[in-house]
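Next come the chains, spelled out residue by residue.
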Amino acid sequence: MLIIISFMMGALMESFDIHISGGTIVDGTRVPRFKSDLWIKDGKIAKIGGRTSASSNRTIDATGKIVAPGFVDLHTHYDAQIRWDPWCTISGYHGVTSVVLGNCGFGFAPVRPDFQERSMLTMTRTEAIPFESMKQGMDWDWETIPEYLDSLERIPKGVNVIQYMPTASLMTYVMGLEKAKAGEPASKGEREEMARLLHEGMDAGLCGFSIQRLGENSVQADYDGSPMVTDIMGDEDILNLARVLSDRDEGFIQITQGTGDIRADIAFLEKLASVANRPILHNVVAPSRQDPEVHRRPLRWIDKCWDAGLPIYAQCGTGRAGFAFTLEHWNLYDASPAWRAVTTGTKDEKIEKMKDPELRKALVTEAAEADRRLQVIQAGVGGNPKGLVVQGVNRQPDLQQYVGKSVGDIAEAEGKHHIEVMLDLSLLGDLNVEFLGPDKGSNASFMAEMMNDSPYAIPGVSDGGAHTKFFTGGAYTTDFLTWLVRDEGVVTLEEAHYRLSALAAHAAGFRDRGTLKEGSAADVLVYDMEELEILPNWIGEVEFDLPGGEWRRVQRAKGYNQIIVNGEVTFEDGECTSATPGKLLRHGSA
């Protein structure tokens, strides 16, 4: 009798932390949406559906709202920013509850103490993260990967994180910068040491490794204009790391491969998948506005890879964020040797280069002879320079006449080449003349085709934390829901949440995230579909909220009533609660 009474008392005293009532649940599995209640306790989803007499510490009325799993952002560069911004905004504003760090082979570990500053200098160029923000915002208390992961676990986090081995850091740590920069293959001993360190990192909780390999004329160069060490990394040195994952039968690889030889690139990616026998996240597949073969061709190739037993996923560029930039900070023409030469160095050095007749001539000549690769890159980062619109002129009255006009129109009116117009205006405005890539529209049908037809297409490539002075890709999740689901009606809500959460989590090895089910981590969104909005749209607005007095472009979100991470509300109606319940997910789980 005492046992029965004790059991009954315990049942009566049972309580939950959060009760989400009356919402429409879209659980991320593609199951049709359904109205139900959901209860959270101790950071987990304790119950979905039914009734309970147990009390809850808080009840959230989700009547008329969507209740869905938090978004998983697979391609970010918040490696520095998470040290001062636990919520990894702007992604955190837009429902992202889990991120992957260390993309493209770039990061801050392993690193010797005397290489810390050089590591930060690299990121000022290749990912355009302000140097002073890193210098003031990062407390270096690690050298090795295990020490780095311990540090990452200690700091407050408002999102969950998993971490790649940044291959560029690994190479320079083992080979030294000079040898790695020379493009020389690693020695037998160096390969063994890199494999050992990757094993050590995987033991400590890494999720795999990442690489950017874009050749000598990389679109994301080092701070001195030279290619990143992974850009010229040899096949065998990469396959050496792939064998580590194969031996362990765990982990995955993120790779951005585009050396200019498409046949060789495809052959290598297939070989990499075969050797590793682990998931490959191939970056990036993005549709054009007019030619469907731009996305269909790579997706057909990925289908063939899966048919052959090669697990390659397509990370797709689905966001519609614009580009607005000055030549003081711009780096995304780095695939052009002439542009790279002119925009590398200090501000004073850039000014002198832009005045140099020979360098100016090289830029004009290159524009006339631009190869297909440079044209494609320019199309994706603001469009043809002729179509760029002058948005700001350093608040100089003498330049106001140019505001709102395109570079091409100014060139025609003044009898100049359009590249000369960009240079001359920039010099007149102390490099603070801002050029805007206008919104020429996007093809919703092509985007939907990628998401609906390919089983292996994952939306995103936010680049969150990078290029923050001219790009706001972290809002892609809200854009996906408002544009493709609500406004165009070309992707179902169920499909959207599957792609944005469940498929992304599955491909990247998250073990208990991405869907709403009893016992899984309580990463949950409550939002009003009709109220969802990106504020402001296209290029965001400037906020001086980075360490060192630095600024960035920001797009906030409207319509997310609650963003919940591990059972705690981190954002409520757009306002941060200051809660930091995020976790380092070693091997994909807490």
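Residues numbered from 1 in each chain as written. Predicted model: local features only at pLDDT ≥ 70, side-chain atom pairs only at ≥ 80, totals over all residues. Heavy atoms only, no water.

Colleague: Go over the packing of helix α12 (residues 347-355) against helix α16 (residues 418-428), please, and point to the residues and values.
Modeller: Running from N to C, α12 and α16 point in directions that differ by 135°, and their axes come no closer than 10 Å. In terms of axis orientation, α12 runs oblique to α16. Crossing geometry of α12 relative to α16 is assigned as left-handed. Contacts between α12 and α16 pair Ile351, Met354 and Lys355 from the former with Leu423, Ser426 and Leu427 from the latter. In the contact of α12 with α16, the residues fall into 4 nonpolar, 1 polar and 1 charged. (Axes fitted to C-alpha atoms, helices over the stretch in contact; angles between N-to-C directions. Helix = DSSP H or I, 4+ residues; strand = E, 2+ residues; numbered from the N terminus. Parallel < 35°, antiparallel > 145°, perpendicular 65-115°, else oblique. Left-handed = near helix turned anticlockwise from the far one by under 90°. Contact = heavy atoms within 4.5 Å. Nonpolar A, V, L, I, M, F, W, Y, C, P; charged D, E, K, R; others polar.)

Colleague: Lay out the environment of valine 393 in plain terms, naming residues and giving numbers.
Modeller: Relative to the assigned elements, valine 393 resides in strand β15 (residues 389-393). Taking the C-alpha atoms as reference, valine 393 lies 14 Å from isoleucine 410; in sequence the two are 17 residues apart. Those residues in contact with valine 393, other than ones at most four positions away along the chain, are Leu399, Gln400, Val403 and Val433.

Colleague: Quick one: what's the story with empty space enclosed by the protein, residue by residue and with numbers?
Modeller: Considering all chains together, one arrives at 6 cavities of 30 Å³ or more under this definition. Quantified by volume, the largest cavity comes out at close to 90 Å³. Taken together, 16 residues make up the lining of the largest cavity; nearest its centre are Ile90, Gly465, Thr468, Phe471 and Thr472. Residues of the lining of the largest cavity, tallied by class, amount to 4 nonpolar, 9 polar and 3 charged. (1 Å grid on protein atoms, 1.4 Å probe; cavity = no way out; pocket = protein on both sides within 12 Å on 5 of 7 lines; lining within 4 Å. Points joined across faces, edges and corners; volume = space filled by probe spheres on them.)

Colleague: Can you break down the nonpolar core residue by residue, with the values?
Modeller: Within the largest apolar cluster, 126 residues are counted, with the highest numbers of intra-cluster contacts made by Phe209, Leu481 and Tyr527. Element by element, the count of residues in this core is highest for helix α19 (residues 493-508), at 10 residues. If we skip the residues at most four places from it in the chain, tyrosine 527 touches Lys65, Ile66, Ala68, Leu481, Leu493, His497, Leu532, Gly559, Tyr560 and Asn561. Judged by nonpolar contacts, the second largest core, of 36 residues, contains Leu332, Leu388, Leu399 and Phe470. (Core = buried A, V, L, I, M, F, W, Y, C linked by side-chain atoms within 4.5 Å. Buried < 20%, exposed > 50% of the residue type's maximum accessible area, 1.4 Å probe, protein only.)

Colleague: Break down the layout of surface pockets for me, citing the residues and quoting the values.
Modeller: In this model, the second largest pocket occupies a volume close to 520 Å³. What lines the second largest pocket is a set of 24 residues, and nearest its centre among them are Thr124, Glu328, His329, Gly345 and Lys350. When residues of the lining of the second largest pocket are traced back to their parent elements, those giving at least two are α2 (116-126), α3 (131-137) and α12. Considered class by class, the residues forming the lining of the second largest pocket number 8 nonpolar, 9 polar and 7 charged.

Colleague: Now, about the sheet that holds strand β11 (residues 252-257): what can you tell me, with residues and values included?
Modeller: An order of β9-β10-β11-β12-β13-β17 is seen for the 6 strands of this open sheet, with the pairing classed as parallel. Sheet topology places β9 (165-166) and β17 (457-460) at the edges, where each strand pairs with a single neighbour. Examined bridge by bridge, β9 and strand β10 (residues 208-213) share 2 bridges and lie parallel to one another. Within β10, the residue paired with methionine 165 across the bridge is phenylalanine 209. Seen against the sheet, helix α10 (residues 293-307) touches β12 (280-285) and β13 (312-317) and runs at an angle of roughly 160° to β13. (Pairing = 2+ DSSP bridges.)

Colleague: Explain unusual backbone geometry to me, using residue names and the numbers behind them.
Modeller: Residues alanine 109 and proline 110 are joined by a peptide bond in cis, for which omega reads -5°. Assignment of secondary structure puts proline 110 in the loop between β7 (96-101) and α2. Positive phi, close to 55°, is recorded for aspartate 430, a residue that is not glycine. Its place among the elements puts aspartate 430 in the loop between α16 and β16 (433-436).

Colleague: Lay out the packing of aromatic side chains with the relevant residues and their values.
Modeller: The geometry of an aromatic ring pair is captured by two quantities: the separation of the ring centres and the angle between the planes. With the rule as written, the count across this model stands at 18 aromatic pairs. Arranged with centres 5.7 Å apart and planes meeting at 80°, the rings of tyrosine 93 and phenylalanine 571 form a pair that is edge-to-face. Note that tyrosine 93 is positioned in the loop between β6 (71-73) and β7 and phenylalanine 571 in strand β24 (residues 568-572), a separation of 478 residues in sequence. Classification of tyrosine 93 as buried rests on a relative accessible area of 11%. Each ring, one from phenylalanine 325 and one from tyrosine 333, has its centre 6.2 Å from the other, and the planes form 75°; the classification is edge-to-face. (Phe/Tyr/Trp six-rings, centres within 6.5 Å; stacked < 30°, edge-to-face > 60°.)

Colleague: Tell me what's going on with the environment of valine 229, and back it up with residues and numbers.
Modeller: You can see valine 229 is positioned in the loop between β10 and α8 (235-248). With 48 residues separating them in the primary sequence, valine 229 and lysine 181 have C-alpha atoms 5.3 Å apart. Once you skip the residues sitting within four places of it in the chain, valine 229 turns out to touch Ala168, Met171, Thr172, Leu177, Ala180 and Lys181.

Colleague: So what's going on with the side chain of aspartate 334? Which residues, and what values?
Modeller: Assignment of secondary structure puts aspartate 334 in the loop between β14 (324-325) and α11 (337-342). Here arginine 125 takes part through its side chain, which lies 2.6 Å from a polar atom of the side chain of aspartate 334. Not counting chain neighbours up to four residues away, the residues in contact with aspartate 334 comprise Arg125, Asn217, Ser218, Val219, Gln220, Ala221, Arg340 and Thr343. (Polar contact = N/O pair within 3.5 Å; in protein donor to acceptor, adjacent residues only side chain to side chain.)

Colleague: Just give me the short version of the sheet that holds β16, but keep the residues and values in it.
Modeller: On the basis of which strands lie adjacent, the open sheet formed by 3 strands has the order β14-β16-β15 and antiparallel pairing. With one partner strand each, in any of the chains shown, β14 and β15 form the two edges of the open sheet. Where β15 lies against β16, 4 bridges are found, and the strand directions are antiparallel. Of the residues in β16, the one forming a bridge with valine 390 is phenylalanine 435.

Colleague: Outline the packing of helix α15 (residues 407-414) against α16, supporting the account with residue identities and numerical values.
Modeller: Two measures define how a pair of helices packs: the angle their axes make with one another and the distance between the axes. Packing of α15 against α16 leaves a shortest axis separation of 8 Å and a crossing angle of 100°. Overall, the two elements α15 and α16 adopt an arrangement that is roughly perpendicular. Between α15 and α16, the residues in contact are Val407, Ile410 and Ala411 and His418, Val421, Met422 and Leu425, respectively. For the contact of α15 with α16, the per-class residue count stands at 6 nonpolar, 1 polar and no charged.

Colleague: Describe the pattern of salt bridges, and please don't skip the residues or the numbers.
Modeller: Applying the stated rule across the entire model yields 39 salt bridges. Between arginine 278 and aspartate 249 there is a salt bridge, and its shortest N-O distance comes to 3.4 Å. Of this pair, arginine 278 sits in the loop between α9 (262-276) and β12 while aspartate 249 sits in the loop between α8 and β11, and the two are 29 residues apart along the sequence. The class of aspartate 249 is exposed, set by a relative accessible area of 51%. Among the ionic contacts, a cluster of salt bridges with common partners joins Lys44, Asp512, Arg513 and Asp523. (Salt bridge = Lys/Arg side-chain N within 4 Å of Asp/Glu carboxyl O.)

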